Amino acid sequence: MPDARVLSPGRADAPALVLDEPLSFWGGVETATGRVADVHHPRHGAVVTGRVLVMPAGRGSSSSSSVLAETIRLGTGPAAIVLAEPDPILALGATVAHELYGTAVPIVVVDASTFEAIREGDRVRVDAVGARADVEVRPGT
């Protein structure tokens, strides 16, 4: 797959959780469980923990950065986040978590064809070092 733009560096290799709609971590994800808590989100009840979270963009509240950082601290956050559009709020949360807790969760922005090629359960490897990242998608089992 083509390379991606790095918003937060790191490496991950995990199954994809694909969201068709943006998700706000503030009020949208339970920090203790990693479950999508927003009852209005189509993926309500899905678990982000240890998954490569694939979504078009983040949604709202600047407080999402602190909630993402808390899920990373607790070990209930995603392994990586793949976006179609940049989200500085999510990037801030991952950066703060890396600085405070030493845990790197890569966040990358991919082109439209790469984004659309990722399916639920596909194995996604993100190698985000420097300004560009390599994103490899392997079919799920």
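Conventions and cut-offs
- Each chain carries its own residue numbering, running from 1 in the written order of its sequence.
- For a predicted model such as this one, the threshold for reporting local features is a pLDDT of at least 70, and the threshold for listing and counting side-chain atom pairs is 80 or more; totals across whole chains, interfaces and linings nevertheless cover every residue.
- Side-chain calculation: all heavy atoms of the structure are included, whereas hydrogens and water are not.
- In this analysis, the protein atoms alone were mapped onto a 1 Å grid. Cavities are point sets where a 1.4 Å probe fits without being able to get out; pockets are open sets with protein on both sides within 12 Å along at least five of seven lines; lining residues have an atom within 4 Å of a point.
- Grid points are joined across faces, edges and corners, and a volume is the space filled by probe spheres set on the points.
- For this classification, Asp, Glu, Lys and Arg are treated as charged, while Ala, Val, Leu, Ile, Met, Phe, Trp, Tyr, Cys and Pro are nonpolar and the rest, including Gly, are polar.
- Grouping into patches uses exposed residues only, defined as over 30% relative accessible area, and leaves out salt-bridged ones; the cut-off is 9 Å for like charges and 5 Å for nonpolar side chains (Val, Leu, Ile, Met, Phe, Trp, Tyr).
- Working definition of accessibility: Shrake-Rupley area with a 1.4 Å probe, residue cover restricted to the visible protein chains.
- When a carboxyl oxygen of Asp or Glu lies within 4 Å of a side-chain nitrogen of Lys or Arg, that pair is called a salt bridge.
- In DSSP terms, a helix is any run of H or I states spanning at least four residues, a strand is any run of E spanning at least two, and both are numbered starting from the N terminus.
- Put simply, buried Ala, Val, Leu, Ile, Met, Phe, Trp, Tyr and Cys residues joined by side-chain atoms within 4.5 Å make one nonpolar core.
- Note on exposure labels: buried denotes an accessible area under 20% of the residue type's maximum, exposed denotes more than 50%, and partly exposed covers the range between, all computed with a 1.4 Å probe on protein chains only.
- Throughout, a contact is declared for two residues whenever any of their heavy atoms are within 4.5 Å.

1. Thoughts on empty space enclosed by the protein
Across all of its chains, the model carries one cavity of 30 Å³ or more by this definition. As a volume, the largest cavity reaches approximately 30 Å³. In terms of lining, the largest cavity is formed by Leu23, Ser24, Phe25, Gly58, Arg59, Gly60, Ser64, Asp87, Ile89 and Leu90. Class assignment for the residues of the lining of the largest cavity results in four nonpolar, four polar and two charged.

2. What to know about a nonpolar patch on the surface
On the surface, Leu92, Val96, Leu100 and Tyr101 cluster together into a nonpolar patch covering about 360 Å² of accessible area. Mapped onto the elements of the fold, Tyr101 is located in helix α2 (residues 88-101).

3. Re the nonpolar core
By size, the foremost hydrophobic cluster in this structure holds 24 residues, and its most contacted members are Leu53, Leu68, Leu83, Leu90 and Ile107. Of all elements in the fold, only β3 (52-55), α1 (64-74), β4 (80-83), α2 and β5 (107-109) reach the threshold of two or more residues within this core. Residues in contact with Leu83, not counting those within four places in the same chain, are Leu7, Met55, Pro56, Ala57, Gly58, Leu90, Ile107, Val108, Val109, Val110 and Phe115. Core analysis: the second largest hydrophobic core is formed by 20 residues, Ala80, Phe115, Ala133 and Val135 among them.

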